[in-house]
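Here are the chains, one letter per residue:
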Amino acid sequence: FGHHGVSSGALCMGIGTTTVAQLNLGTVGLLVPSLLDYASDQGSDPLLLVTRPQRPLDMVVGEGTDASPSLTFHIEDLEVDFYAFLYERYTRAFTMSLTLDVGINFEIEQLPGQAATLTPVLVGISSDNIALEVINSEFVKETPETLEAVLPTIFDLVLPLLANGLPAIALPEFAGFRMSDLSIQHVTTDEDDFLAI
């Protein structure tokens, strides 16, 4: 799954001002002041973060706690391009290379007479747990070392908004049967290691 998620392009995503309104050139310009030299008077120019994974994902099944999430995705060398909308086109300002672990737990909800839903919840992600390297930063005046010191604060802004916005997954009926009284657990046998619903 991790290999195909990368090779198919499914993990090449764009997160920008339309997703997180606070993510604009004025906000990022507080951390990267040389970008404000190109901003409009209001500084509300759109910004776009485009992800480009460089390696397959590795996943571990856990116990469903904050310390051991149901699923943990180990992400290495995920490149994130910062594009600012300048002079009527998107221009790459710089690129970050990230290494981090993303934990996902699931909340089960079932209302009477309705299908059960699983809601993914991101856990254990903060700027303290992200290794960051800046590359392709020739467009801005700040040095890569300066950017590496200040950019983790962007994650403290964006990650809580993403964590609360993940959609619920409705579990389907099977041959007319609806599942109820669900639980999620880590199952380990001599041959298997998986997450069971």
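Keep in mind the model is a prediction, meaning the values are calculated, not measured. (Residues numbered from 1 in each chain as written. Predicted model: local features only at pLDDT ≥ 70, side-chain atom pairs only at ≥ 80, totals over all residues. Heavy atoms only, no water.)

**Thoughts on the overall build of the chain**
Along the backbone of the chain there are four helices and 10 strands. Reading the chain from its N end, one meets helices and strands in the order α-β-α-β-β-β-β-β-β-α-α-β-β-β. Dimensions of the chain along its principal axes, counting C-alpha atoms only, are 60 × 40 × 30 Å. The buried share of the chain, taken over its 197 residues, is 35%. For the chain, long-range pairs separated by at least 24 residues make up 62% of all intrachain contacts whose partners lie at least 6 apart in sequence. With the model as given, the accessible surface of the chain reaches about 11,400 Å², and the carbon-plus-sulfur share is 54%. If the 6 positive side-chain charges of the chain are averaged to one point and the 27 negative ones to another, these points end up 13 Å apart. (Helix = DSSP H or I, 4+ residues; strand = E, 2+ residues; numbered from the N terminus. Buried < 20%, exposed > 50% of the residue type's maximum accessible area, 1.4 Å probe, protein only. Contact = heavy atoms within 4.5 Å. Areas by Shrake-Rupley, 256 points an atom, 1.4 Å probe, with all protein chains shown as cover. Lys, Arg positive; Asp, Glu negative; His and termini not counted. Charge placed at Lys NZ, Arg CZ, Asp CG, Glu CD.)

**As for the nonpolar core**
Residues Phe94, Met96 and Leu151 are the most contacted members of the largest nonpolar core, which totals 35 residues. Top contributing element to this core by residue count: strand β4 (residues 71-86), with eight residues. In contact with Leu151, other than residues within four places in its own chain, are Val32, Phe94, Met96, Leu132 and Val134. (Core = buried A, V, L, I, M, F, W, Y, C linked by side-chain atoms within 4.5 Å.)

**What to know about the pattern of salt bridges**
Under the definition given, this model contains six salt bridges. The residue Arg55 makes a salt bridge to Glu76 at a minimum N-O spacing of 3.6 Å. Here Glu76 lies in strand β4 and Arg55 lies in the loop between β2 (47-53) and β3 (58-61), a separation of 21 residues in the sequence. Among the salt bridges present, the one from Asp77 reaches Arg55, with a minimum N-O distance of 2.8 Å. You can see Asp77 sitting in strand β4 and its partner Arg55 sitting in the loop between β2 and β3, a full 22 residues away along the chain. Here Arg55 falls in the partly exposed class, since its relative accessible area comes to 42%. One network of salt bridges, in which partners are shared, links Arg52, Glu79 and Asp81. (Salt bridge = Lys/Arg side-chain N within 4 Å of Asp/Glu carboxyl O.)

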